[in-house]
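Single-letter residue listing:
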Amino acid sequence: MPVIKREEKSRRVGLVILYVFVIGIGALFFPIIQNTYNKLSIQRTKTITNASKTLTKDEIYILERNQRISATKFEKENEWLSKEIKTGATMIEFNYDFMYDHPEYDSVKISFTVTKYKVAGKTVAFISDEGKITKIHSKSGWKDYTTK
């Protein structure tokens, strides 16, 4: 009889250790699984549109800065979204550089791609590309602009 009790006790201890191990692994990977689930559910709400904006050099800077600030709101729960917004902000900088390199222009008309997601019931919209400058404005007025 004592041998059977020992086997049963060893089996119980082994099962408890196994359960603790499985729960520990589950707890370790739960945030990763939850983030992946959030990403997949948010990705299904994605819409892409085009928008044109007429901006000065300062307005381009403000647009880029506000987009970076917006990205920080998603750094913890949706890191992938934060990176996507920051990438768009980096692309906006090219337009600022253009205006900086061409002080003869006081404003430009830019066609941007705007990406929108629904996150926690709210729409998150951001510029997701460099955009294309279509018109430039100087003292002599507006003229069409084509990139080379």
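One can find the structure itself at the top, above this paragraph.
In what follows, the accompanying structure is described. Quick caveat, the model's predicted, so the values are computed rather than measured.

1. Focus on the overall build of the protein
Moving on, step 1. The number of helices and strands found in the protein is three helices and five strands.
Moving on, step 2. Ordered by position from the N terminus, the helices and strands of the protein form the series α-β-α-α-β-β-β-β.
Moving on, step 3. By its C-alpha atoms, the protein is 105 × 25 × 25 Å across when sized along the principal axes.
Moving on, step 4. Put simply, the protein has 148 residues, and 26% of those count as buried.
Moving on, step 5. Sequence-distant contacts, at least 24 apart, represent 65% of the contacts inside the protein between residues at least 6 apart.
Moving on, step 6. For the protein, the computed accessible surface area is about 10800 Å², with 59% contributed by carbon and sulfur atoms.

2. Some details on the pattern of salt bridges
Moving on, step 1. One pass over the full model with this rule turns up five salt bridges.
Moving on, step 2. One salt bridge in this structure joins Arg-68 and Glu-64, with 2.4 Å as the shortest N-O distance. Note that Arg-68 and Glu-64 are positioned in helix α2 (residues 57-72) at a spacing of four residues, about one turn of the helix.
Moving on, step 3. Given a relative accessible area of 8%, Glu-64 falls into the buried group.
Moving on, step 4. Notably, a salt bridge pairs Lys-83 with Glu-79, separated by 3.5 Å at the nearest N-O pair. Of this pair, Lys-83 and Glu-79 both sit in helix α3 (residues 79-101), separated by four residues, roughly a single helical turn.
Moving on, step 5. For Glu-79, a relative accessible area of 44% translates into the label partly exposed.
Moving on, step 6. Residues joined by salt bridges that share partners form a network here, namely Glu-64, Arg-68 and Glu-93.

3. Considering the side chain of Gln-67
Moving on, step 1. By the element assignment, Gln-67 lies in helix α2.
Moving on, step 2. Overall, Gln-67 belongs to the buried group, its relative accessible area being 6%.
Moving on, step 3. Apart from the residues within four sequence positions on either side, Gln-67 is in contact with Ile-85, Gly-88, Ala-89, Ile-92, Phe-126 and Ile-127.

4. Considerations on the side chain of Thr-115
Moving on, step 1. Its location among the elements puts Thr-115 in strand β2 (residues 107-119).
Moving on, step 2. Engagement of the side chain of Thr-115 in a polar contact is seen with the side chain of Ser-128, the distance being 2.8 Å.
Moving on, step 3. Contacts of Thr-115, omitting those with residues within four sequence positions, involve Lys-46, Thr-47, Ile-48, Glu-84, Val-124, Ala-125, Phe-126 and Ser-128.

5. Observations regarding the pairing of β2
Moving on, step 1. Strand direction decides the pairing type here: strand β1 (residues 47-55) and β2, joined by nine bridges, are antiparallel. Residue pairing in the sheet places Thr-49 in a bridge with Val-114 of β2.
Moving on, step 2. Pairing of β2 with strand β4 (residues 132-138) involves five bridges; the strand directions are antiparallel. Among the inter-strand pairings, Ser-107 is bridged to a residue of β4, identified as His-137.
Moving on, step 3. Between β2 and the antiparallel strand that follows it, strand β3 (residues 122-127), lie two residues; Ala-120 among them carries a positive phi value of about 55°.

6. Things to note about unusual backbone geometry
Moving on, step 1. If you check the backbone angles, Ala-120 has positive phi at about 55° while not being a glycine.
Moving on, step 2. Tracing the backbone shows Ala-120 in the loop between β2 and β3.

7. A word on a nonpolar patch on the surface
Moving on, step 1. Taken together, the side chains of Leu-15, Leu-18, Tyr-19, Phe-21, Val-22, Ile-23, Ile-25, Leu-28, Phe-29, Ile-32 and Ile-33 present a nonpolar region at the surface, about 1100 Å² in accessible area.
Moving on, step 2. Among the secondary structure elements, Ile-32 is positioned in helix α1 (residues 2-43).

Thresholds, definitions, all that
- Residues numbered from 1 in each chain as written.
- Predicted model: local features only at pLDDT ≥ 70, side-chain atom pairs only at ≥ 80, totals over all residues.
- Heavy atoms only, no water.
- Helix = DSSP H or I, 4+ residues; strand = E, 2+ residues; numbered from the N terminus.
- Buried < 20%, exposed > 50% of the residue type's maximum accessible area, 1.4 Å probe, protein only.
- Contact = heavy atoms within 4.5 Å.
- Areas by Shrake-Rupley, 256 points an atom, 1.4 Å probe, with all protein chains shown as cover.
- Salt bridge = Lys/Arg side-chain N within 4 Å of Asp/Glu carboxyl O.
- Polar contact = N/O pair within 3.5 Å; in protein donor to acceptor, adjacent residues only side chain to side chain.
- Pairing = 2+ DSSP bridges.
- Patch = residues over 30% accessible without salt bridge, like charges linked within 9 Å, V, L, I, M, F, W, Y side chains within 5 Å.

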